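Spelled out, the chains give:
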Amino acid sequence: MIGGQNYNLLYMVQNILHGALSYDQQIYEQVKTGGKLIMEKIGVAIADDNERIIHMLGNMINNDSELELVGQADNGKDIYYIILEKQPDVVLLDIIMPKEDGLTVMERVHKDTSVKKQPVFIVVSAVSQERITEDAFNLGAYYYILKPFDNDMILKRIKTLKKGLYPAIQKLGDNRAT
């Protein structure tokens, strides 16, 4: 029977196997919620120099019950400080921005030992030069999505984190160079 408590148990085992939550976290969540498994929202920050793109991505995130918009910036310096303060799970990051470009932001975050939680970077850019794309991946970009983009594809990429991929990426981020 896949229903009620059995479904919760199956869901819990699947998440443990995929590394999404530890067994202790699963038990705590179920006890805390009276047997219901409630997953935390994925914290997302946005950085783009185009106000229209920020607004569109922000609305998309705010309208999804699994996501939480934790910060927005129109330049690289501001998103860096948002990452330090808000510790988002995911950063949707443009490459070409004033003050600091997206590559510089990823490099600074990766090297900064005071960053408590390395975010997953999803680059959303109009730049399709192979060298820049390569640099973005070398600096830790998880995905590189070209503008114009499909909203559903961005949501899907963010939500892959819930399927157990994020802990492995987190471990990679913890091995950053000093």
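Scroll up a little and you will see the structure.
The rules we used
Residue numbers run consecutively from 1 along every chain, following the written order of its sequence. It should be noted that, the model being predicted, local features are given only for residues of pLDDT at least 70 and side-chain atom pairs only at 80 or more, the latter also being counted only at that level, while totals for whole chains, interfaces and linings use all residues. Excluding hydrogens and water, the side-chain figures rest on all heavy atoms present in the structure. Per the convention used, a helix needs a DSSP run of H or I reaching at least four residues, while a strand needs a run of E reaching at least two, with both numbered from the N terminus. Three labels apply to residues, based on accessible area from a 1.4 Å probe with only protein chains included: buried if under 20% of the type maximum, exposed if over 50%, partly exposed otherwise in between. Between two residues, a contact is recorded if the distance between any of their heavy atoms is within 4.5 Å. Only the protein chains shown count as cover for residues, and the accessible areas themselves come from Shrake-Rupley with a 1.4 Å probe. Within 3.5 Å is the distance limit for a polar contact, defined as a pair of N or O atoms, with the added protein rule that one can donate a hydrogen and the other accept it, and that residues adjacent in sequence qualify only through two side-chain atoms. To obtain an axis, a line is fitted to C-alpha atoms, over the contacting stretch when the element is a helix, and the angle between two such axes runs from 0 to 180 degrees between their N-to-C directions. Geometric relationships in this document are graded by angle, where less than 35 degrees denotes roughly parallel, more than 145 denotes roughly antiparallel, 65 to 115 denotes roughly perpendicular, and other angles denote oblique. Each crossing is labelled by how the near helix is turned from the far one, with a counterclockwise turn of less than a right angle marking it left-handed and a clockwise turn marking it right-handed. Residues are grouped as follows: Ala, Val, Leu, Ile, Met, Phe, Trp, Tyr, Cys and Pro are nonpolar; Asp, Glu, Lys and Arg are charged; every other residue, Gly included, is polar. When we speak of the arc, we mean the arc of directions from the helix axis to the C-beta atoms. For two strands to pair, DSSP has to find at least two bridges joining them.

K.L.:
Hey, could you run me through the overall build of the protein chain in this one?
P.N.:
Along the protein chain, the regular secondary structure elements total 8 helices and 5 strands. Ordered by position in the sequence, the α and β elements of the protein chain form the string α-α-β-α-β-α-β-α-β-α-β-α-α. Looking at the protein chain as a whole, 44% of its 178 residues are labelled buried. For the protein chain, restricting intrachain contacts to residue pairs at least 6 apart in sequence, the fraction spanning at least 24 positions comes to 61%. Counting only carbon and sulfur atoms, one obtains 51% of the accessible surface of the protein chain, whose full area is about 10100 Å².

K.L.:
Would you take a moment to explain the environment of tyrosine 144 for this structure?
P.N.:
Note that tyrosine 144 resides in strand S5 (residues 141-146). Overall, the relative accessible area of 15% leaves tyrosine 144 in the buried class. Considered as a pair, tyrosine 144 and valine 123 are 21 residues apart in the sequence and their alpha carbons are 4.7 Å apart. Among all residues touching tyrosine 144, those that are not within four sequence positions of it are Ile95, Val123, Ser125, Val127, Ile132, Thr133, Ala136 and Phe137. There is a polar contact of 2.7 Å between the side chain of tyrosine 144 and the backbone oxygen of valine 127.

K.L.:
Is there a simple way to explain the packing of helix H3 (residues 51-62) against helix H7 (residues 151-159) in this structure?
P.N.:
Packed helices, taken two at a time, are described by the angle their axes make and the gap between the axes. Contact pair H3 / H7: the axes reach a minimum separation of 11 Å and the direction vectors enclose 60°. Relative to H7, H3 is oriented oblique. H3 and H7 meet at a crossing whose hand is right-handed. Residues Met56, Leu57 and Met60 of H3 form the contact with H7, whose own contacting residues are Asn151, Ile154 and Leu155. Here the residues of the contact of H3 with H7 are counted per class, giving 5 nonpolar, 1 polar and no charged.

K.L.:
Can you help me understand helix H5 (residues 102-111) in this one?
P.N.:
Because the α-helix completes a turn every 3.6 residues, residues three or four places apart line up on one side. Buried within H5 are the following residues: Gly102, Leu103, Val105, Met106 and Val109. Looking straight down H5, one finds that the buried residues subtend no more than 160° of arc, so they occupy a single side. Residues of H5 that are buried make contact with helix H4 (76-86), strand S3 (90-93), strand S4 (120-125), helix H6 (130-138) and S5. If you check the start of H5, you find a side-chain oxygen 3.0 Å away from the backbone N of leucine 103, and it comes from aspartate 101.

K.L.:
What is the right way to read the sheet that holds strand S1 (residues 42-47) from this model?
P.N.:
Whether parallel or antiparallel, the strands of a sheet pair through hydrogen bonds between backbone atoms. Read across the sheet, 5 strands follow the order S2-S1-S3-S4-S5 without closing on themselves; strand pairing throughout is parallel. Pairing within the sheet leaves two strands with one partner each, and these edge strands are strand S2 (67-73) and S5. Taken pair by pair, the neighbouring strands of this sheet meet at an average axis angle of 20°, ignoring direction. For S3 and S4, the ladder comprises 4 bridges, and the chain directions are parallel. What sits directly across from leucine 92, in S4, is isoleucine 122.

So far we have only geometry, and geometry alone does not tell us how the molecule works.
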